[in-house]
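Chain by chain, the residues:
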Amino acid sequence: MTYVINFLTGVLPILLLYLLIHLFKMMRMYLVLIDQKIGFLRFVFAYCRTTLVNLAIPFKLGEVYRVAVFYRLSKSMEVGLLSVIVDRFFDTLGLVLIMLPLQLLYPDTVSSVSVFFVVFLAVIVFIYCIFPPTYRYLNRYIIINRGSPRSMAVLRSLSTLKVWYTYVKQLVSGRYAILLLMSLAAWAAEGGLIAILWRLLFGEGFEARVFCDYIASILNSAKAAKTIIQKPYSDLCIALMLFFTILSGLLYLWSVKKTDPDGKAVPGA
């Protein structure tokens, strides 16, 4: 009976919150890529394995692998790169909106990482807002005053940037609110998961500053910056995501086999 109670009060909430975190994050990415008509089970498998690589490799270098995977799925480098950038933007925006009130309560938790997040968002929004008038001005100016071979190269570069801007605008058009809500929900669930894990491992004494310190330690490789919750939490996340990657891979392969019993179709990775 004690084991059942411990499971219901500790392990089960952890599993449920972990599922919620990645359900919100997965559906956010799926919403970004919904126009690409990627099969759902194929997408789930791609999300799980790219997330596993991201968890296992430090400094978010796994995002390079994620770009490659979604480039292969969509057959477009623009889609692979820009969809990941848009997903990261809304993930960071949700994180900052949760962190700022907490850091007002705990000013000592303000770090270079939180400042980096805010600056990153400000730069992205600034570029997004000023691009249309800047593009029109530069395009008109270069066309009128072109006098060197480099002018055509600049025009081609501007044209490429315009295509990318238009695609990003299409990606987020009408989806701003729901993408942001999914990000907020995912980070809120992650904060709850860390709180439960902290109490299970270390007893009482969890404060919001623990969550702030954990976020600050994600992008900091210095051992001194690591929080005591990071390693057990990271190990838990990697173990669970490894399980879901294997499970989603088996489900995807089963769906391919079911629709193509002769095995003629080659499932895309």
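Residues numbered from 1 in each chain as written. Predicted model: local features only at pLDDT ≥ 70, side-chain atom pairs only at ≥ 80, totals over all residues. Heavy atoms only, no water.

Q: What is the right way to read the overall build of the protein from this model?
A: When helices and strands are tallied, the protein shows 9 helices and 0 strands. Sequence-ordered secondary structure for the protein, helices as α and strands as β, is α-α-α-α-α-α-α-α-α. Contacts in the protein between residues far apart in sequence, at least 24 positions, make up 68% of those at least 6 positions apart. When the accessible surface of the protein is totalled, it reaches about 15,200 Å², and 71% of it is carbon and sulfur. (Helix = DSSP H or I, 4+ residues; strand = E, 2+ residues; numbered from the N terminus. Contact = heavy atoms within 4.5 Å. Areas by Shrake-Rupley, 256 points an atom, 1.4 Å probe, with all protein chains shown as cover.)

Q: Sorry, what's going on with the side chain of Ser248 here?
A: With respect to the helices and strands, Ser248 occurs in helix H9 (residues 230-259). What Ser248 contacts, discounting residues up to four positions off in sequence, is Val44, Phe45 and Cys48.

Q: When you look at helix H7 (residues 176-202) in this model, what are you seeing that I'm missing?
A: The end-to-end C-alpha distance of H7, which contains 27 residues, comes to 39 Å, matching closely the 39 Å that a straight helix rising 1.5 Å per residue would cover. Looking at the residues trailing H7, positive phi occurs at Gly203, about 80°. (Expected span 1.5 Å × (residues − 1).)

Q: Got a minute to help me understand helix H2 (residues 40-56) in this structure?
A: Along an α-helix, residues three or four apart share an orientation, since each turn contains 3.6 residues. A rise of 1.5 Å per residue sets the reference length of H2, with its 17 residues, at 24 Å; its end C-alpha atoms lie 24 Å apart and thus fit the reference within 8%. Those residues of H2 not exposed but buried are Phe43, Val44, Phe45, Ala46, Tyr47, Cys48, Arg49, Thr50, Thr51, Leu52 and Asn54. (Buried < 20%, exposed > 50% of the residue type's maximum accessible area, 1.4 Å probe, protein only.)

Q: Would you mind going over the packing of helix H4 (residues 77-105) against H7 with me for this structure?
A: If you want to describe how two helices pack, look at the angle between their axes and the distance between the axes. In the contact formed by H4 and H7, the axes pass within 8 Å of each other and the chain directions differ by 60°. Of the possible angle classes, the one that applies to H4 and H7 is oblique. As H4 packs across H7, the resulting crossing turns out to be right-handed. Taking contact as the criterion, the partners of Phe90, Asp91, Leu93, Gly94, Leu95, Leu97 and Ile98 in H4 are, on H7, Tyr176, Leu179, Leu180, Ser183, Leu184, Trp187 and Ala188. (Axes fitted to C-alpha atoms, helices over the stretch in contact; angles between N-to-C directions. Parallel < 35°, antiparallel > 145°, perpendicular 65-115°, else oblique. Left-handed = near helix turned anticlockwise from the far one by under 90°.)

Q: What's the story with the environment of Tyr71 in this structure? I'm lost.
A: Along the chain, Tyr71 turns up in helix H3 (residues 62-74). With near-sequence residues (within four places) excluded, Tyr71 lies in contact with Ser76, Met77 and Gly80.

Q: Please clarify how the confidence of the model for the protein should be interpreted in this entry.
A: Do not read the fine detail of predicted coordinates wherever pLDDT is low. For the protein, the average pLDDT comes to 82, and 85% of its residues sit at 70 or higher. At the low end of the mean pLDDT range in the protein sits helix H8 (residues 208-218), at 73; at the high end sits H2, at 93. (pLDDT = per-residue confidence, 0-100.)

Q: Would you mind showing me how to read a positive patch on the surface here?
A: On the surface, Arg136, Arg140, Lys162 and Lys169 cluster together into a patch of positive charge. Elements that contribute at least two residues to the positive patch include exactly helix H5 (112-145) and helix H6 (149-172). Residue position: Lys169 is located in helix H6. (Patch = residues over 30% accessible without salt bridge, like charges linked within 9 Å, V, L, I, M, F, W, Y side chains within 5 Å. Salt bridge = Lys/Arg side-chain N within 4 Å of Asp/Glu carboxyl O. Lys, Arg positive; Asp, Glu negative; His and termini not counted. Charge placed at Lys NZ, Arg CZ, Asp CG, Glu CD.)

Q: What is the right way to look at the pattern of salt bridges in this model?
A: Two side chains of opposite charge can pair, provided their charged atoms sit close to one another. In the structure shown here, the tally under the stated rule is 9 salt bridges. Residue Glu190 is joined to Lys25 by a salt bridge in which the shortest nitrogen-to-oxygen separation is 3.7 Å. Here Lys25 lies in helix H1 (residues 2-32) and Glu190 lies in helix H7, a separation of 165 residues in the sequence. Here Glu190 matches Lys25 in class, with each residue buried. The salt bridge partner of Glu63 is Arg88, with a shortest N-O separation of 3.2 Å. Here the residue Glu63 occupies a position in helix H3, and Arg88 occupies one in helix H4, the gap between them amounting to 25 residues. The structure contains a network of salt bridges with shared partners spanning Arg28, Glu63, Arg66, Asp87, Arg88 and Asp91.

Q: Just checking my understanding: could you explain the nonpolar core for this structure?
A: Side chains of nonpolar character tend, in soluble globular proteins, to be buried together. If you look at the biggest cluster of nonpolar residues, it comprises 57 residues, and the most contacted ones within it are Phe43, Phe70, Ile194, Ile215 and Tyr233. Tallying contributions element by element places H4 first for this core, with 11 residues. Setting aside residues no more than four positions away along its own chain, Tyr233 makes contact with Ile21, Glu190, Leu193, Ile194, Leu197 and Tyr214. Phe131, Tyr135, Leu155 and Leu158 belong to the second largest nonpolar core, which has 6 residues in total. (Core = buried A, V, L, I, M, F, W, Y, C linked by side-chain atoms within 4.5 Å.)

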